[in-house]
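This is what each chain is made of:
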Amino acid sequence: MTACASPSPTTGHGNEAGQGHDDSEEGSPGDGKQKRSASPPGCVITADGSYGARLALAGDDSWFPERWTLDGPEPYAVPLPASQPEEPGTEVLPLTDGRVLIHRLAAERHLFSLLYPTGPGTGELLLGTVECGDPTTELRLLPPSPCGEWAYALAVGRSSTAVWLVAGGAFGPERVAEVPGRCSGGVWLDGTGRLLALDREADGRTKTVVVDLEGGEVSPLLQIADDSDDRLLLADPDSGLLLISSDAPSPGHDRLGWGVLGSTLPVRFPECLRVPDGHRMTPFAIQPGQILTPERCAVALRVDGARGSWVGLWRPASRQVHHLPAPEGWLTGAGLWTRDGVLQLPYATGMVRCGVARVGVPWGDEPDPCEPPHGGSAHEGAAGVVPAREGAPPGMCDAPGAPGTPGTPGASDGPGGPSASEMGALGEPGTPGESGGAMALMGAAGAAELSPETEGAVSDGLTVATRPVPLQQAPLEGRVSKEVTVG
């Protein structure tokens, strides 16, 4: 595998952007066994939430990159078409300086360029290529690095996996680490982009390892049992919260669990995160800024079922999942939490080219999670989602509560949304008027803020190690009986 740098810039002038939105193919629901991952998100967002990027559709089959600016008063999109349409499935990734990395495939050559707006056209800076001598090698972009200035790719070969720095290097693409075995996943463990967790398959089992990209060292991170498949799905460097998938508690069926980086407490698999046959639950965002309090971190879950995809909200301290319909046109699987606990979900429709729905949850008003759930359909207590959209004046938002309005309970039974039976099967308690299922309504940026939580910090001596150590078995005290714990 070789790399070739091409530093000369070019400028392309493509067609005007259309109003299309990402029609990413949804992954098929599981057959009782939790799948490794859902289909790729419809939009990639920088770690700091400043920019997003996606492949948008103009007309019937003309694809082009599009950059979303998300850190201003209102979101807006900037089309970045090249001299010709892109191939479906072309990868894009935003950087914090406003440029968008694009990964194109031509024969056995992987081409990397940076796109940026230049008046009426699109500027393109060629970074170089990576050539894979083995046609079976798969190369894909890793999630945005925490620093936002570098971008990495994972090249999975027959017996080893290479980590490439494809943007931010001095001389084009550069191989920075080699890991024995075939790897998947890719989760950042620190705030600098040095420690990368990968799920390595070896000897018929999958375990998570951590790669130090400065020195290339590989060390174990997650091994729950010798005969289990253990994967790291998501991590938060501030709190140390880890979201894990493993079949250790239920051999042959993957379960979602959580642990703490550097803690001696065991991995826990809450009953509320168990999904019925034909469904899949995938975490895609963790609330940042909860220093040393992982149990208070809000987690956004993508739930896939027979009637489409919707959003689940959960945190370890609550031990229950709130289900709510996704906004119409949600770029499925994409979203970001603010430090104040507001979930931002990007969406695009025929009427709204670039929009962000903001959702808040009053966790402090939840009933005791150890109490038995009350009757009633799962979605009746949800107040819904208020979208903030491109071109709307600050403070203006769609009024919730009208039957059939996207993002309200009345729309959840329509095409593409979860039915009451599906939500009930996933175990969400709540009846009309219960505070446990209520969502705080958030308007456009600056319209409202969540009040700080009043409950005390739940630290219990949990600490975040400066360097990851393997999660190991430890005694369990004071946990509810329905929560499976595996060391």
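What you see is a predicted model, and the numbers here were worked out from it, not measured in a lab.

Procedures and definitions
- Residues numbered from 1 in each chain as written.
- Predicted model: local features only at pLDDT ≥ 70, side-chain atom pairs only at ≥ 80, totals over all residues.
- Heavy atoms only, no water.
- Helix = DSSP H or I, 4+ residues; strand = E, 2+ residues; numbered from the N terminus.
- Buried < 20%, exposed > 50% of the residue type's maximum accessible area, 1.4 Å probe, protein only.
- Contact = heavy atoms within 4.5 Å.
- Areas by Shrake-Rupley, 256 points an atom, 1.4 Å probe, with all protein chains shown as cover.
- Pairing = 2+ DSSP bridges.
- Axes fitted to C-alpha atoms, helices over the stretch in contact; angles between N-to-C directions.
- Phe/Tyr/Trp six-rings, centres within 6.5 Å; stacked < 30°, edge-to-face > 60°.
- Lys NZ or Arg CZ within 6 Å of the ring centre and 35° of its normal.
- Salt bridge = Lys/Arg side-chain N within 4 Å of Asp/Glu carboxyl O.
- pLDDT = per-residue confidence, 0-100.

*Asks:* What's the story with the overall build of the chain in this structure? I'm lost.
*Replies:* Tallying secondary structure elements over the chain gives one helix and 32 strands in all. The 487 residues of the chain split such that 53% are buried. For the chain, contacts bridging at least 24 residues in sequence account for 55% of all contacts bridging at least 6. By element, 51% of the accessible surface of the chain is carried by carbon and sulfur atoms, the whole surface being about 20200 Å².

*Asks:* What is the right way to read the sheet that holds strand β26 (residues 322–324) from this model?
*Replies:* The pairing of strands in a sheet happens through backbone hydrogen bonds and is either parallel or antiparallel. The strand order across the open sheet formed by four strands is β23-β24-β25-β26, and the pairing between neighbours is antiparallel. Looking at which strands have only one partner, the edges of the open sheet turn out to be β23 (280–286) and β26. Put simply, the sheet's adjacent strands are angled 30° from each other on average, direction ignored. Of the pairings in the sheet, the one linking strand β24 (residues 299–305) to strand β25 (residues 308–314) comprises seven bridges and is antiparallel in character. Each bridged residue has a counterpart across the sheet, and for arginine 302 the counterpart in β25 is valine 311.

*Asks:* Sorry, what's going on with the sheet that holds strand β12 (residues 151–156) here?
*Replies:* A sheet is described by the order of its strands in space; here four strands give the open sequence β11-β12-β13-β14, paired in antiparallel fashion. Only two strands of the sheet have a single neighbouring strand rather than two, namely β11 (138–141) and β14 (174–180). This sheet shows a mean twist of 20° between the axes of neighbouring strands, independent of strand direction.

*Asks:* Hey, could you run me through the packing of aromatic side chains in this one?
*Replies:* For any pair of aromatic rings, the description rests on two quantities: the centre-to-centre distance and the angle between the ring planes. The tally for this structure, following the rule as stated, stands at two aromatic pairs. Both rings, one in tyrosine 152 and one in tryptophan 188, keep their centres 5.4 Å apart while their planes meet at 55°; by these two values the pair is tilted. Within this pair, whereas tyrosine 152 is found in strand β12, its partner tryptophan 188 is found in strand β15 (residues 182–188), the two being separated by 36 residues in sequence. Comparing tyrosine 152 with tryptophan 188 shows no difference in burial state: the two are buried. With centroids separated by 5.7 Å and ring planes inclined at 50°, the aromatic side chains of phenylalanine 284 and tryptophan 330 adopt a geometry described as tilted. Of this pair, phenylalanine 284 sits in strand β23 while tryptophan 330 is found in the loop between β26 and β27 (336–337), placing the two residues 46 residues apart along the sequence. Given the relative accessible area of 14%, phenylalanine 284 is considered buried. In this structure, arginine 268 packs its charged tip against the face of tryptophan 258, placed 4.0 Å from the ring centre.

*Asks:* Where do I start with the pairing of β25 in this structure?
*Replies:* Strand residues, when the strand is regular, have side chains that alternate between the two faces of the sheet. Of all seven residues in β25, six are buried; the element is thus mostly enclosed. The loop that links β24 with its antiparallel partner β25 comprises two residues. As judged from the three bridges shared by β25 and β26, these two strands associate in the antiparallel manner. Across the sheet, residue leucine 313 finds its bridge partner in β26, namely histidine 322.

*Asks:* What exactly am I supposed to notice about the pattern of salt bridges here?
*Replies:* Any two side chains of opposite charge can pair, so long as their charged atoms come close to each other. Taken as a whole and judged by the stated rule, the model has 16 salt bridges. Residues arginine 99 and aspartate 97 are paired through a salt bridge, measuring 3.0 Å at the closest nitrogen-oxygen approach. One salt-bridge network, in which partners are shared between bridges, spans Arg54, Glu66 and Arg353.

*Asks:* I keep staring at the confidence of the model for the chain and nothing clicks. Help me out?
*Replies:* Residues shown with low pLDDT carry predicted positions that ought not to be read at fine detail. When pLDDT is averaged along the chain, the result is 74, and 67% of the positions lie at 70 or above. Below pLDDT 50 for its whole length, residues 6–36 participates in 80 contacts with residues either more than four positions away or in separate chains. This stretch, residues 367–389, has a pLDDT under 50; its non-local contacts, to residues over four places away or in other chains, come to 75 contacts.

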